[in-house]
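Here's the letter readout for the chains.
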Amino acid sequence: MRAAASEAILRILSAGPGATLQDGGRHGYLRFGVTAAGPMEPLAHATANLVVGNAAGATAIEVSVGGLEVTAETGPLSVAVAGGEFSLSLDGRPLPPALVLNLEQGAVLKIRAGARGSWCYLAVAGRFVVPKVLGSHATHTRTGFGGLNGRALAAGDCLAIERSASSKPSLGAIAAPWLDRPLDTIRVVLGPQHDYFAADQIAAFLAGPWTVSARVDRMAYYLDGPQLTHVRGYNIVSDGIAMGAIQVPGDGRPIVLMADRQSTGGYPKIATIIGPDLGRLAQARPGAEFRFAAVSIGQAVEARRSEAALLAHGIVVEPLVRTHLSSEFLLGLNLIDGVVGIET
């Protein structure tokens, strides 16, 4: 595959399970049984895109704890990585978990599971040249929609990238404290079927504590904790499922529906996680413990506005400091400091 003058090629050297292309999601087709897909951690996805001059919902590579290894077959490429506290290295030299750098031709960037977090995002200054399906690049592997032929990325894949002529991102560490958010409390709006549960069961749901089980993927997170019982049975006429909806089937174990959820479901939904807290739960690994807290719709809207304000004021990119990095390596990155401005 030969790159045009305006293109670069990113080659996948290795990819663990769950490495996919994701944009902001495939919206407007739920009534046809097509769910949005999109990022598991929307705030981290937006952060990585914005610091390299892309729109918040532009296409990026979502990386799971299985990791990713890439090289610039033709370069250079300005790239950003943001999300959980993953372990990053460039040509074997350690890097901070959230940063912007130039990936020169032949350079190898490795992303591996680190201290915490389940998802991170690799964004490029430009756009991935892949076909859209129903107006989106979001990969939904269960249906074979979007991304690269509807599947997860694999070793040997070559992604053509149309480099941005106008974007010259600042290079260095991304100072984004919102990427480090404790799990302890996850906010929910009760319903739409919380009337299927008695008051003491609602209280037990909110009291917890809950533990993220070993059954987690892009479709759903299963929770371990108090066994909930239904006062009106556990079957309803199937209705639409939003990301973050919490179903309680007959066994009393809550299931949080995530990015690759089904379009409809027939179990009562005791509550729905508010948008700003979805990424916090998505980043949790099996065994993590937390509780739910009920908020009003007004409080949920205000939380969403506060989240949007984090990005609207610009993302600071700080120069890397010399720790384990050699001076030759730092000089090779051509680092400068700055703030990435974001139009609102």
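Preceding this section is the structure that the text describes.
Reading guide: rules and limits
Residues numbered from 1 in each chain as written. Predicted model: local features only at pLDDT ≥ 70, side-chain atom pairs only at ≥ 80, totals over all residues. Heavy atoms only, no water. Phe/Tyr/Trp six-rings, centres within 6.5 Å; stacked < 30°, edge-to-face > 60°. Buried < 20%, exposed > 50% of the residue type's maximum accessible area, 1.4 Å probe, protein only. Lys NZ or Arg CZ within 6 Å of the ring centre and 35° of its normal. Helix = DSSP H or I, 4+ residues; strand = E, 2+ residues; numbered from the N terminus. Axes fitted to C-alpha atoms, helices over the stretch in contact; angles between N-to-C directions. Parallel < 35°, antiparallel > 145°, perpendicular 65-115°, else oblique. Left-handed = near helix turned anticlockwise from the far one by under 90°. Contact = heavy atoms within 4.5 Å. Pairing = 2+ DSSP bridges.

**Quick notes on the packing of aromatic side chains**
The tally for this structure, following the rule as stated, stands at five aromatic pairs. Here Tyr 29 and Phe 32 contribute two aromatic rings whose centre-to-centre distance is 6.4 Å and whose plane-to-plane angle is 45 degrees, an arrangement assigned as tilted. Both rings, one in Phe 290 and one in Phe 292, keep their centres 5.1 Å apart while their planes meet at 90 degrees; by these two values the pair is edge-to-face. Like Phe 290, the residue Phe 292 is buried in the burial classification. Put simply, the rings of Phe 205, Trp 210, Phe 290 and Phe 292 touch in pairs and so form one group of aromatic residues. The positively charged end of Arg 215 is found above the aromatic ring belonging to Tyr 222, 3.8 Å away from the centroid. A cation sits over an aromatic face here: Arg 232 above Tyr 196, 4.3 Å from the ring centre.

**Looking at unusual backbone geometry**
Note the cis peptide between Gly 191 and Pro 192, where omega equals 15 degrees. Structurally, the position occupied by Pro 192 is in the loop between strand S12 (185-190) and helix H2 (199-207). Residue Gly 208 is joined to Pro 209 through a cis peptide bond whose omega torsion reads -5 degrees. By the secondary structure assignment, Pro 209 is in the loop between H2 and strand S13 (210-216).

**Focus: the packing of helix H1 (residues 42-51) against helix H4 (residues 297-312)**
One way to put it is that H1 packs onto H4 with a least axis distance of 11 Å and a crossing angle of 20 degrees. Compared by their axis directions, H1 and H4 come out roughly parallel. The interaxial crossing formed by H1 with H4 has right-handed handedness. Of H4, the residues touching H1 (which contributes Leu 43, Ala 46, Thr 47 and Leu 50) are Glu 307, Leu 310 and Leu 311.

**What to know about the sheet that holds strand S16 (residues 245-247)**
Through backbone hydrogen bonds, the strands of a sheet pair up, either in parallel or in antiparallel fashion. Pairing within the closed barrel is mixed, and its seven strands lie in the order S12-S19-S16-S17-S14-S13-S20. Strand after strand, the sheet turns through a mean of 40 degrees between neighbouring axes, direction not considered. With four bridges connecting them, S12 and strand S20 (residues 289-294) associate as parallel partners. By the bridge assignment for S20, Arg 187 is matched with Ala 293.

**Considerations on the pairing of strand S8 (residues 108-124)**
When strand S3 (residues 60-63) meets S8, the two strands line up antiparallel, connected through three bridges. Residue Val 63 lies in a different strand from S8, and its bridge partner there is Cys 120. Here strand S4 (residues 68-74) runs beside S8; their pairing, made up of four bridges, is antiparallel. Looking at S8, one finds that Leu 68 is bridged to Ile 111. Where strand S5 (residues 77-90) meets S8, ten bridges bridge the pair, whose relative direction is antiparallel. Each residue of the ladder has a partner; that of Ala 80, found in S8, is Ala 123.

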